[in-house]
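Fold and geometry: a report
Listed here are the chains, written in short residue letters.
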Amino acid sequence: MSLVVAAPKKRSTVSGAVTGEPWALIDAWAPGAGYRLTAGAGTNTRTYQKGTGFLVAPMMLVAALEGRTLTIQGWVAPTFLARLFALFLLPAETNIGTDGFVMLIPRRMANKVVNGLLTQLGLPTIP
């Protein structure tokens, strides 16, 4: 997965200037928050995932560094089976903001841990 231009309903996106190299902080935060690196090791765009989708929808995070600007995208991606049982009324991607009722529990879980990372990085949090 990579950083994409996405509608706010699909992915929560936060950007801001960072000082120094953010990767050490992000890589140290990920295991403690339950995220694991799934793509982009050693590059300036990295994808992290929390969960496998068995009980709770997987929570995704993409971090991309361009110059001194770090962009973080977070979203929840329900499995195909969950979407099938919901008659495809669940979207393939849902932001991790706290508004709305669709996939409320995994979105709140992701919002809490990602906001912890954003605070450590000195970036604005996701409401």
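Residues numbered from 1 in each chain as written. Predicted model: local features only at pLDDT ≥ 70, side-chain atom pairs only at ≥ 80, totals over all residues. Heavy atoms only, no water.

**With respect to the packing of helix 1 (residues 23-33) against helix 3 (residues 104-121)**
- It is at 11 Å that the axes of helix 1 and helix 3 come closest, and there the two elements cross at 155°. With respect to each other, helix 1 and helix 3 are oriented roughly antiparallel. The chirality of how helix 1 crosses helix 3 is right-handed. Here Leu25, Ile26, Trp29 and Ala33 of helix 1 lie close against helix 3, whose contacting residues are Val113, Val114, Leu117, Gln120 and Leu121.
- For the contact of helix 1 with helix 3, the residue count by class is eight nonpolar, one polar and no charged. (Axes fitted to C-alpha atoms, helices over the stretch in contact; angles between N-to-C directions. Helix = DSSP H or I, 4+ residues; strand = E, 2+ residues; numbered from the N terminus. Parallel < 35°, antiparallel > 145°, perpendicular 65-115°, else oblique. Left-handed = near helix turned anticlockwise from the far one by under 90°. Contact = heavy atoms within 4.5 Å. Nonpolar A, V, L, I, M, F, W, Y, C, P; charged D, E, K, R; others polar.)

**Concerning helix 1**
- Of all the positions in helix 1, only Trp23, Ile26, Trp29, Ala30 and Ala33 are classed as buried. Taken down its axis, helix 1 places every buried residue within 125° of arc, on the same side. Of the residues in helix 1, the exposed ones pointing more than 90 degrees away from the buried face are Ala24, Ala28, Pro31 and Gly32.
- Buried residues in helix 1 make contact with strand 2 (35-39), strand 3 (45-50), strand 4 (59-66), strand 5 (69-76) and helix 3. (Buried < 20%, exposed > 50% of the residue type's maximum accessible area, 1.4 Å probe, protein only. Arc of directions from axis to C-beta.)

**Quick look at the nonpolar core**
- One finds Tyr35, Leu70 and Ile72 to be the most contacted residues of the largest nonpolar core, which totals 28 residues.
- In terms of residue count, helix 3 provides more of this core than any other element does, six residues in total.
- If sequence neighbours within four positions are ignored, Leu70 has contacts with Val14, Ser15, Gly16, Val18, Pro22, Ile26, Ala63, Ala64, Leu65, Leu121 and Leu123. (Core = buried A, V, L, I, M, F, W, Y, C linked by side-chain atoms within 4.5 Å.)

**Brief notes about helix 3**
- With 18 residues, helix 3 should cover 26 Å at 1.5 Å per step; its first-to-last C-alpha distance of 25 Å lies within 8% of that length.
- Positive backbone phi, at 80°, marks Gly122, one or two positions downstream of helix 3. (Expected span 1.5 Å × (residues − 1).)

Keep in mind these numbers describe shape, not what the thing actually does.
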